[in-house]
Structures are given as C-alpha cells and as structure tokens.
Amino acid sequence: MAKSKPKLAVWKFASCDGCQLSILDLEDELLALTGEVEIAQFLEATRAVSEGPYDLSLVEGSITTAHDAERIKMVRQQSKMLVTIGACATSGGIQALRNFRDINDFVAAVYARPDYIDTLATSTPIAEHVAVDFELRGCPVNKHQLLEVVTAFLFGRKPMVAGHSVCMECKMRGNVCVTVAHGTPCLGPVTQAGCGAICPAYDRGCYGCYGPQDTPAMPAMSKVLEAHEMKGRDIQRILRTFNAHAAPFREESQRHDAADDQG
Amino acid sequence: MSTDLALQIGEHALLARAEFGKLIDALRGQGYAVIGPTLQGGAIVYSEISGESELPVGWTDEQEAGTYRLKRREDEALFGYVAGAQSWRPFLFQPRRTLWRAKGSAADFAIDPDVRETPRFAFLGMRACELKAVSIQDRVFMDGIHPDADYSARRDAAFFIAVNCARAGATCFCVSMDAGPRAEAGYDLALTEIIGEGRHDFLLEVGSPRGAVIASLLSLRAAGDGDAAEAEAIVERTAQSMGRVLQTEGLKSLLQENLEHPQWDDVAERCLSCGNCTFACPTCFCHTDEDVTDLDGQAAERHQRWDSCFSLDFSYIRGGSVRPGIASRYRQWMTHKLANWIDQFGESGCVGCGRCITWCPAGIDITAEAAAIRASIEKD
Ligand code: SF4
Ligand code: SF4
Ligand code: SF4
C-alpha cells in the first residue's frame, strides 16, 4: 500500500519573495523534494492548490494588515507544523522600521491617496500572532539550512541549525576577523550563524541579517562598535536593518535614541 | 646539491638564506604539503605554500588586546612576525568533518566510516608555544581509551619545523606558561633566524630521524660556537621582552576557590560570548556531533564540528542550558584553561600564545582578569 506523501504548503505574507526563491533555488534537490512531499500550495511556483490540512507549512513574511493577522490564524489551524522562514517572518523584516515612527506619516509621504491604504501601525513576526514550531533565520534564508529544516520535519527530528555567533563560523571558515585586523565594525558577535560568514569573508562587517544569536550581548557590542568609531546614530542604524524589531536589536537601538536626537 | 654534513639528532648547522627555498623543495620532494606563514586578509595566516616567495618576507605584526596590524620591517626576515592569526589546530583537528555515512535498505543498513587519505603536512614556522599546544592536544585526542583516529593519523604523518622566536608580541606570555620562546622538544627541525652585519642565516637543529633525512638534502655549512651563542642570545632577548605576564603560582586554587567572585560579573559586562577566544586558542578541543539525513531517509551522516563553551547549546541538557549567562561561560573558559585542565590532564591548558587576547573583539585579557581576581583577594 502506497503511503500518502506529507503535504507541504508555502505561504506568503508581507515580504519580498526572496525566501520562497531560496526554495526554487534548491535546483538539485527540488525533484527529490517533490518525490517525498506533495507540494499542496506554493503560489510562487505553481497555481495548483490542494486543500488542507497540511503537514508542514513554511511561512514567509510578516504581519502588516488586519487581513493577514486573520489569515495567519487560518494557516495555523490547517498546519500540523508551522515553520517561519526569513527575517520578515521571524522578526518583522525591514518593514518593521515603521514600528519606530508614526505609520500615518509614512503613508502620507509615500502614497498619492493615503485613504486607499489600510494597514497596521506595525510589522510583526508570525510568532507574535500564532504558535510557531521553528524559526529559520536569514535575509534570505540559506537554502541548505532550509532543506535541512524540511528534512528534519519530515522525520520528526531536530533541525541542525546552530544558534551561536557568526564569529564561530568565521573562525571555522578561516576568515581573519575584520574588526581586530582592519578595525571594521561588525555585528558578527551578536548575530546568529547560518550564512557561512559571507560578508567577513569579503572584508565587510556583518550586517546582522540572521538576527540576534541565542545570547546576544548588546551593550557590550555597542561598546566595541563605538571603539571602532561608530557613532550612536550609526549604531542605531545598523541595528535597524533586516531585524530591527527583534527584541535585542530593537531595545539596543532604542538606547541610542538620545544620540539620535543630538545627531 | 647536498652537504657532507650528516647531522645527528641534537646537532646543528647553518642554512644560508639563499638556500632556504631548498628546504621547502626538499619537503615537497618527500611528499609533504608544506603549510607556512602567508599574508592573507591583513594577517599572517598559515596556509599551503609551494615556494619561498609566498612567505611574508619583511613583514611583522603589531598585536594588542583586540587589535592586530601588519607592519613592514626594516629587514627581510622570513619569520619576523609573532603568532599567526590562527594556530595549526585546524590542520590536525578539523573545524568540520564527516565521521561516517550510513546507507539504508528495506532490511538493513550499512555504515561507511568515510576514511580518507591522510594528508602529510609539514608545518613550517611553528612557534614554541604552538608546539606545546600540539602536545596538549595530543594528550586530549590520542592518550585516552578512544584515540581520535583522524587526529592521530594527521598528527603522526606531520613534520614539524619550529622557529625560535626572535621577537615577542605585546600579548605574548609563553615564559609565564613555561612554553617558550625556545622550542625544546617535539620538532623534527628547529630554526633560529640570524640577521645582521651583512648576514642572513638560519641555525638549523635536528630533532628527529625524519628531520635528519631532510637536513641531509640541504646545503648546510658548519656552525661555529659564535653562531650557537648568537642564536641563544636572540631567544634570550625574546624571553626578556614578553608583552604580558601571568602569575601562575597558586593560580589553580585561586580560581577554583573564587567561583562566585564579582570579577566574573564584571567581565560578563564586556564579553560578547562570541567564542572567538575558544576558536583562536590552539588547545581548545571541544566539538559537537550533528546527525543529518537525506530527504528520503535512506542515507544518514554524522558530522563533527568545533564547539565552544561560549555557545548556549554547549551546556544544554534536558530542561535548559546549565550556563545561560555570560559570567558562567567566561568562568568556564578561564577556569578550564588555567585551573581545571590541570586536574583533567596534569598540566595547564594555556601556552601563553596571546591569541585569545589579540583576537577578542572586546579586548578581554585573560592575564588581566586573573590578575584582577588575585589583586582583590590579596587586598582582603
Ligand atoms: S588561553 Fe589564550 S593565551 Fe592561552 S593558549 Fe589559549 S589562546 Fe593562547
Ligand atoms: S575552554 Fe571551553 S571550548 Fe575550550 S576546551 Fe575548555 S570547555 Fe572547551
Ligand atoms: S572573551 Fe572575548 S573572544 Fe571570548 S567570548 Fe568574550 S568577547 Fe568573545
């Protein structure tokens, strides 16, 4: 008797589609994936949709509208396992910059007819709305980690995704530390690994696109950035990029508000 | 052209700078992959070389807590820098490797131990502290009931060319740890670079039968008493100019009896828990295993990678991590290196190379932290 294949659904909320593209980017493994799971819903790839419930839902994007705040509940109800993928879904994304200002000012500045726009005042991660089984970080996610998470869920095992700093990846890769050897400010010490330490490998400081590591030492990080000639306002800016709403980055960026006012 | 000098273990001779390239050629000719100092990413990085032109001729480094800069020297020294950014550790204890693969079938499964050909490395330019660090890792990986096969094979195949330090860096304290600056044992060949008054030579000492074989392939000339004395003086000057000191007397009990000292909280305010110190340290041996499967569940692999006591998962047991806070992690690192290692392996886990000080982005200094605890206790 043929066992029915687990159903995989991919959902999009407020996002750029980059993480969904990481799924399509799995070129070599995509065929094997479709052999093991039924792709029941993945509008980025196919219009064919099959009904829930789903065994595994991958959710990209943040919640920015009242409609989406309801829709994610429907997704949760229909999903045995729900995994959020990417900076938007796990921390609110770059669009969470709105959380630090008055949304009406943005709407008025950007749109010719602000009255057409119906949006929430904040961009928030999925986990602030429904229970999430696993959060996969990155902007966008790393396709190998994504495959590992899907495989792990297929077998009910723990995904091998580390929560430690980017620094450890740098050292394992043989990168020379850009802060120590060049004086370049870098968020690697407070950022979660997973990217393979790409930016430092090309002599750039880490921008924190994987969000905070499991125990980020934010005030100590600010001191190191300041020692490398970053001003309070710039520290606030670098913390407010892809994961601006992630609590450790958000709270530390707010500590630099005073500097911002003077800046 | 080989020499008539047939050197025995413990004997020395002079290798002229002009003949130095032949040492690399001889090693390569004997099938070794020569790993030596190179300039990469703004630092001295140990990496495979094919000839002397890849060496950092005329370069040196300036190291301080949290900073490292390359500088030009006034001379053309080959080994005029101090300790490289990373030690030789990644070549013997790999950052990542596959331990085994398994293939499943309906009835059974088979394990493939993923045995690969062992690389034969010749490490050119090992500092005394680095040699000592290897001997410390040997004890960890090779002395137990379950020696690590990969480490042991790489270690046994490796050829060590030590270079006695002609200069100490500002973060060096090997003298405190009795680990340098002269390479005392464990090398196949040892070199002391002698530059000055129109000369540029290396005093070459043979440390093993393998070393004697390589020496026999070189053009050497007899060394006079003056050469040996000059080499001795160079190392002695280095010993007198250590950038840091760690007072080791009573250090083990000082740390073990002060596990609740306020200094741990003080350092926790500065420490990033990034783990750079543990991955730059030549003696840290911690690693973790990760099991992965492929999509159809028919193949599995066990991977091993470096791990650090600065990660939260490191101390995870049922119910949570034993060391959730940074104070307890820094304490684990420092008490393990300087105190508990002695209980575990009969010697200190620190060789005074200074890497954890230089490569800490926050510039935290293990010697200063130890001194702060000592000072507060002696004051009471
Ligand atoms: S503890 Fe620091 S100084 Fe000591 S061996 Fe390790 S890296 Fe070198
Ligand atoms: S200091 Fe930490 S990482 Fe290094 S060997 Fe000890 S426990 Fe392991
Ligand atoms: S002591 Fe320095 S290198 Fe080590 S974890 Fe703390 S901040 Fe990182």
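Residues numbered from 1 in each chain as written. Chains lettered and ligands numbered in written order. Predicted model: local features only at pLDDT ≥ 70, side-chain atom pairs only at ≥ 80, totals over all residues. Heavy atoms only, no water.

(A) Representation of the pattern of salt bridges within the structure. Within this structure, the stated rule accounts for 42 salt bridges over all chains. Put simply, R250(A) and E251(A) hold a salt bridge, and the shortest N to O gap is 3.9 Å. Judged by its relative accessible area of 47%, E251(A) is partly exposed. The partner of R244(B) in a salt bridge is E64(B), with the nearest N and O atoms 3.1 Å apart. Residue R244(B) is located in the loop between α6 (225-240) and α7 (251-256), and its partner E64(B) is located in strand β4 (residues 59-64); the two are separated by 180 residues in the primary sequence. (Salt bridge = Lys/Arg side-chain N within 4 Å of Asp/Glu carboxyl O. Buried < 20%, exposed > 50% of the residue type's maximum accessible area, 1.4 Å probe, protein only. Helix = DSSP H or I, 4+ residues; strand = E, 2+ residues; numbered from the N terminus.)

(B) A look at the packing of aromatic side chains. By the definition in use, this model includes 24 aromatic pairs over all chains. Between F91(B) and F123(B) the ring centres are 5.8 Å apart and the planes differ by 55°, which places this aromatic pair in the tilted class. On the criterion of sequence distance, the pair formed by F91(B) in helix α2 (residues 89-92) and F123(B) in strand β8 (residues 121-126) is long-range, its members being 32 residues apart. You'll find F91(B) and F123(B) in the same group, each marked buried. Each residue in the set Y46(B), W88(B), F91(B), F121(B), F123(B) and F160(B) is aromatic and connected to the rest through ring pairs, giving one cluster. The cationic tip of R240(A) hangs over the ring face of F100(A); the distance from NZ or CZ to the ring centre is 3.7 Å. (Phe/Tyr/Trp six-rings, centres within 6.5 Å; stacked < 30°, edge-to-face > 60°. Lys NZ or Arg CZ within 6 Å of the ring centre and 35° of its normal.)

(C) Molecular detail of the domain arrangement of chain B. All names here are of chain B. Domain annotation for chain B reports domain 1 (12-239) and domain 2 (251-379). The C-alpha centroid of domain 2 is placed 26 Å from the C-alpha centroid of domain 1. At the junction of the two partners, domain 1 supplies 44 residues and domain 2 supplies 37 residues. Interface area for domain 1 against domain 2, summed over the two sides, is near 3,500 Å², with a carbon-plus-sulfur share of 56%. If you sort the residues of domain 1 by the area they bury against domain 2, R89, I136 and F173 come out on top, with a joint share of 18%. Our enumeration of links across domain 1 and domain 2 arrives at 3 salt bridges. Between R101 and E301 there is a salt bridge; the shortest N-O distance is 2.5 Å. Joining domain 1 to domain 2, the criterion identifies 25 residue pairs in polar contact (both at pLDDT 80 or more). (Domains from an automatic or database assignment. Contact = heavy atoms within 4.5 Å. Buried area = accessible area lost by both parts, 1.4 Å probe. Polar contact = N/O pair within 3.5 Å; in protein donor to acceptor, adjacent residues only side chain to side chain.)

(D) Focus on the pairing of strand β3 (residues 43-48) of chain B. Residue and element names in this part refer to chain B. Counting buried residues along β3, 5 of its 6 residues qualify, which places the element largely inside the surrounding structure. Of the pairings in the sheet, the one linking strand β2 (residues 33-40) to β3 comprises 6 bridges and is antiparallel in character. Bridging from a neighbouring strand, T38 pairs with V45 of β3. Between the end of β2 and the start of β3, which pair antiparallel, lie 2 residues, with G41 showing a positive phi angle near 60°. (Pairing = 2+ DSSP bridges.)

(E) Structural view of the interface of chain A and chain B. In this assembly, 37 residues from chain A lie in contact with 45 residues from chain B. Counting each side, the surface lost to burial between chain A and chain B is near 3,100 Å², with a carbon and sulfur contribution of 64%. Our enumeration of links across chain A and chain B arrives at 0 salt bridges. For the interface between chain A and chain B, the tally reads 9 residue pairs in polar contact (both at pLDDT 80 or more). At the level of secondary structure, the elements contributing two or more residues to the side of chain A that touches chain B comprise α2 (27-36), α6 (143-155), α7 (166-173), α8 (178-182) and α10 (218-227) of chain A. Residues that form the side of chain A that touches chain B fall into these classes: 19 nonpolar, 10 polar and 8 charged. (Nonpolar A, V, L, I, M, F, W, Y, C, P; charged D, E, K, R; others polar.)

(F) Helix α12 (residues 247-255) of chain A, seen in detail. Within α12(A), the full set of buried residues consists of F249(A), E252(A) and S253(A). Buried residues along α12(A) cover an arc of 100° about the axis, so they all sit on one side. (Arc of directions from axis to C-beta.)

(G) Layout of the packing of helix α3 (residues 128-142) of chain B against helix α4 (residues 149-157) of chain B. Residues and elements named next belong to chain B. It is at 10 Å that the axes of α3 and α4 come closest, and there the two elements cross at 140°. When the axis of α3 is compared with that of α4, the two are oblique. Taken as a pair, α3 and α4 cross one another with a handedness that is left-handed. Between α3, through V134, Q137, D138, F141 and M142, and α4, the contact on the second element is made entirely by Y151, S152, R155 and D156. (Axes fitted to C-alpha atoms, helices over the stretch in contact; angles between N-to-C directions. Parallel < 35°, antiparallel > 145°, perpendicular 65-115°, else oblique. Left-handed = near helix turned anticlockwise from the far one by under 90°.)

(H) Inspection of the environment of G211(A) at higher detail. All names here are of chain A. Tracing the backbone through its elements, the reader meets G211 in the loop between α9 (198-201) and α10. Classification of G211 as buried rests on a relative accessible area of 0%. Residues G211 and A69 lie 142 residues apart in sequence; the distance between their C-alpha atoms is 23 Å. Setting aside residues up to four positions removed in sequence, G211 forms contacts with R137, V190, T191, Q192, N243 and F249.

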